[in-house]
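Chains, contacts and geometry: an overview
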Amino acid sequence: MLLNFMPSAFVRGAMTALAVATFLAPPALAQEQSSFEPEKVDAIEEIVRQYLLEHPEVVIDAIREYQERERIAQEEGKREALEANLAQLWSDPDSPILGNPDGDVVLVEFFDYRCPYCKVTAPRLQALIKEDPNLKVIMKEFPILSPQSLEGAKAAIAAAKQGMYEDFHFALMENPGDLGERHLRRIAKQVGADPDLLIEEMASVEIAQAIERNRSLGRAIGVTGTPAMFIGRTLIPGAVELDQLRELVAATRREAS
């Protein structure tokens, strides 16, 4: 065969390329190969088969390369989606703001009142807000775990309309309950909100639309669970220790200076 007269390095390179191309070949390439004479196709397939048997690492390397390219493409897609949705992430008028509204670092939290990790994160976030006077925190109600999660989110936004969001939010995180009307009324009364008005406001179309915007935004920018925080443009999934939060905020501040 002609290949026997080729330099060994060339043969290895050619076999590698051919093996990878065959392994990852799209249907169109397979159709083009069918235009070869059958005996030539059989010979090529046998060469590739033998090469893959002798060098299975070629396929493994090809799969790893493909996965890495996919990962890079996905990350780039997330960055582009984030940039396209920054206005909604940072400036939705129905997303309550804690801390300093003019802070030099923006932290956005997506959370669910039925999420145990969100409950763990809440006092850490509360402590961070108290100790950092230049931190702006935007709260994104993101009820994804149960129908009661939705009721808690509606109640919190209704409390915001009475100017009681911060107290209501942290009280709801601290107090276990089924998030039924009785419990929500009790928390509202505890923080000084009007329970009747809160229950009435929960049914508003405006609140339902605000929550749906948060859900759509989360899907668009890669939020798949709670809690999830964006510190600046960086997504931090899962519960984070207070010291880690401090360092992430400090790093974002340094990068911006």
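Residues numbered from 1 in each chain as written. Predicted model: local features only at pLDDT ≥ 70, side-chain atom pairs only at ≥ 80, totals over all residues. Heavy atoms only, no water.

Concerning the overall build of the protein
Cut-off, in case you're wondering: Comment: elements are numbered from the N terminus, with helices defined as DSSP H or I runs of at least four residues and strands as E runs of at least two. Only protein chains enter the calculation, and the probe is 1.4 Å; a residue is then buried if its accessible area is under 20% of its type maximum, exposed if over 50%, and partly exposed in between. Two residues form a contact once any of their heavy atoms are found within 4.5 Å.
When helices and strands are tallied, the protein shows twelve helices and five strands. Looking at the 257 residues of the protein, the share that counts as buried comes to 37%. Pairs at least 24 residues apart make up 74% of the contacts formed inside the protein by residues separated by at least 6 positions.

Quick notes on the nonpolar core
Our working rule: Throughout, nonpolar core names a set of buried Ala, Val, Leu, Ile, Met, Phe, Trp, Tyr and Cys residues whose side chains join them through atoms within 4.5 Å.
If you look at the biggest cluster of nonpolar residues, it comprises 45 residues, and the most contacted ones within it are Leu107, Tyr113, Val137, Phe168 and Leu198. Core analysis: the next-biggest nonpolar cluster, separate from the first, contains 13 residues, Val106, Ile221, Ala228 and Phe230 among them.

A word on a negative patch on the surface
Note the threshold: Like charges are joined within 9 Å and nonpolar side chains (Val, Leu, Ile, Met, Phe, Trp, Tyr) within 5 Å, but only among residues with over 30% relative accessible area and no salt bridge; these make up the patches. Computed with the Shrake-Rupley method and a 1.4 Å probe, the accessible areas treat only the protein chains shown as cover for residues. Take a side-chain nitrogen of Lys or Arg and a carboxyl oxygen of Asp or Glu: if they are within 4 Å of each other, that pair is a salt bridge. Only four residue types enter the tally: Lys and Arg on the positive side, Asp and Glu on the negative side, with His and both chain ends excluded. For charged residues, the charge sits on one atom: NZ in Lys, CZ in Arg, CG in Asp, CD in Glu.
On the surface, Glu37, Glu39, Asp42 and Glu45 cluster together to form a negatively charged patch. Note that Glu39 resides in helix H3 (residues 38–54).

Considering the environment of Glu151
Relative to the elements of secondary structure, Glu151 occurs in helix H7 (residues 147–160). Residue Glu151 is classed as partly exposed on the basis of its relative accessible area, which comes to 29%. Leave out the neighbours within four places in its chain, and Glu151 touches Leu179, Leu184 and Met202.

Structural notes on the pairing of strand E2 (residues 105–111)
The side chains of a regular strand alternate, first on one face of the sheet and then on the other. Just so we agree on the cut-off: Strands qualify as paired when DSSP identifies two bridges or more between them.
A large share of E2 lies buried, amounting to seven of its seven residues. The pairing of E2 with strand E3 (residues 135–141) spans seven bridges and is parallel. Paired with Glu109 across the bridge in E3 is Met139. The sheet contact formed by E2 and strand E4 (residues 228–231) spans four bridges and is antiparallel. Note that in E4 the partner of Glu109 across the bridge is Met229.

In short, shape yes, function no, at least from these values alone.
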